[in-house]
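Reading the structure
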Amino acid sequence: MLSSATNFTEGPSDAMHIIRDEDDIRQGLAALVELDPRLRQIVLEAGPVPLRLREPGFEGLAHIIVSQVVSRASADAIWGRMMARLGRVTAEAYAGQEPDAWRVFGLSRIKADTLARVADAVVEGRIDLHSLSTEHPEKALSELTSIKGIGPWTAEVYLMFCGGHADVFPVGDVALQAAVGMAFGHEVRPLPKLLAREAAVWAPWRSVAARLFWAYYAVKTRRDALPID
């Protein structure tokens, strides 16, 4: 879900964990209920907590960027046209397209320009999207957001769902704000600064906490708000 204001959570991780499979999710959930006993009931109500990992690289980041449109159906249609034309959505393939290919894909000019800048950065070796998986999340976030058009939310979602970072919590995500507000009885949806303070106790498993609250939101609203499918 797109956010109106997004900030990376404050405070360093105590340890560098990488999420790779369902066992890591289970380990994270077990640790979270020890860190914050309030989450025990949330875990019970939320049900299964999805993993939804994608391979790191240009294709994963491009899919996140494309997904930020009016509807998931529109995003799926755009992505389908990109795959049909490019085959595999690589930085090299995208960078090699003619300047107006974005019209064929159905992209907005802004998103097309963002994708072009990412593709050029990858092709020219100015960023290695795969190596971000092993970098400290603050450094990785800084590298991603240095590319014009990549905001904190996009970078955080990439680090979580492509990089496997275990300690990222997109505090500007509206669904996460709503979910935490519902879970803890806030009268109004907590804004990013307050949510960052709330989430600080969940380090170094904030990415699992975010998945948990997205799952909780889906149960309570019957809407899937996970930003990647």
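Residues numbered from 1 in each chain as written. Predicted model: local features only at pLDDT ≥ 70, side-chain atom pairs only at ≥ 80, totals over all residues. Heavy atoms only, no water.

**Digging into the packing of helix α1 (residues 22-35) against helix α2 (residues 39-46)**
At a closest axis distance of 8 Å, the pairing of α1 and α2 adopts a crossing angle of 140 degrees. Listed contacts from α2 to Leu29, Leu32, Val33 and Glu34 of α1 are Leu39, Arg40 and Val43. Taken together, the residues that form the contact of α1 with α2 break down as 5 nonpolar, no polar and 2 charged. (Axes fitted to C-alpha atoms, helices over the stretch in contact; angles between N-to-C directions. Helix = DSSP H or I, 4+ residues; strand = E, 2+ residues; numbered from the N terminus. Contact = heavy atoms within 4.5 Å. Nonpolar A, V, L, I, M, F, W, Y, C, P; charged D, E, K, R; others polar.)

**Some points on the pattern of salt bridges**
Scanning the model with the defined rule gives 12 salt bridges in all. In this structure, Arg72 and Asp224 form a salt bridge, with 3.9 Å as the shortest nitrogen-oxygen distance. Of this pair, Arg72 sits in helix α4 (residues 72-86) while Asp224 sits in the segment after α12 (206-221), placing them 152 residues apart in sequence. Its relative accessible area of 41% is what places Asp224 among the partly exposed residues. Note that Asp167 and Arg206 form a salt bridge whose closest N and O atoms lie 2.7 Å from each other. In this pair, Asp167 sits in the loop between α9 (152-161) and α10 (174-184) while Arg206 sits in helix α12, placing the two residues 39 residues apart along the sequence. (Salt bridge = Lys/Arg side-chain N within 4 Å of Asp/Glu carboxyl O. Buried < 20%, exposed > 50% of the residue type's maximum accessible area, 1.4 Å probe, protein only.)

**Focus: the packing of aromatic side chains**
Pairs of aromatic rings are described using the distance from one ring centre to the other and the angle between the two planes. With the rule as written, the count across this model stands at 7 aromatic pairs. When the ring of Phe169 is compared with that of Trp202, the centres are 5.6 Å apart and the planes differ by 50 degrees; the resulting orientation is tilted. With Phe169 in the loop between α9 and α10 and Trp202 in the loop between α11 (192-199) and α12, this pair connects stretches of sequence that are 33 residues apart. Judged on exposure class, the residue Phe169 and its partner Trp202 are both buried. A connected cluster of aromatic rings, assembled from ring pairs, spans Phe169, Phe184, Trp202 and Phe213. For Arg38, the ring lying beneath its charged end belongs to Phe184, and the centroid distance is 3.9 Å. (Phe/Tyr/Trp six-rings, centres within 6.5 Å; stacked < 30°, edge-to-face > 60°. Lys NZ or Arg CZ within 6 Å of the ring centre and 35° of its normal.)

**Re the nonpolar core**
Considering soluble globular proteins, one finds that nonpolar side chains tend to be buried as a cluster. Counting residues in each nonpolar core, the largest one holds 73 residues, and the members touching the most others are Phe58, Met82, Tyr94, Leu107, Leu144 and Phe169. By residue number, the principal contributor to this core is α12, which donates 9 residues. Those residues in contact with Met82 that lie beyond four places of it in its chain are Val66, Gly87, Val89, Tyr94, Phe105, Leu107 and Leu115. (Core = buried A, V, L, I, M, F, W, Y, C linked by side-chain atoms within 4.5 Å.)

**Details of unusual backbone geometry**
In this structure, Pro204 follows Ala203 across a cis peptide bond, with omega equal to 5 degrees. By the element assignment, Pro204 lies in the loop between α11 and α12. Not every positive phi belongs to a glycine, and Arg52 is a case in point at roughly 50 degrees. By the secondary structure assignment, Arg52 is in the loop between α2 and α3 (58-67).

**A look at helix α7 (residues 109-123)**
Over its 15 residues, α7 extends 21 Å from the first C-alpha to the last, a length consistent with the 21 Å expected when each residue adds 1.5 Å. All of the buried residues along α7 are Lys111, Ala112, Thr114, Leu115, Val118, Ala119 and Ala121. The inward-facing, buried residues of α7 abut α3, α4, α5 (91-95) and α6 (101-105). (Expected span 1.5 Å × (residues − 1).)

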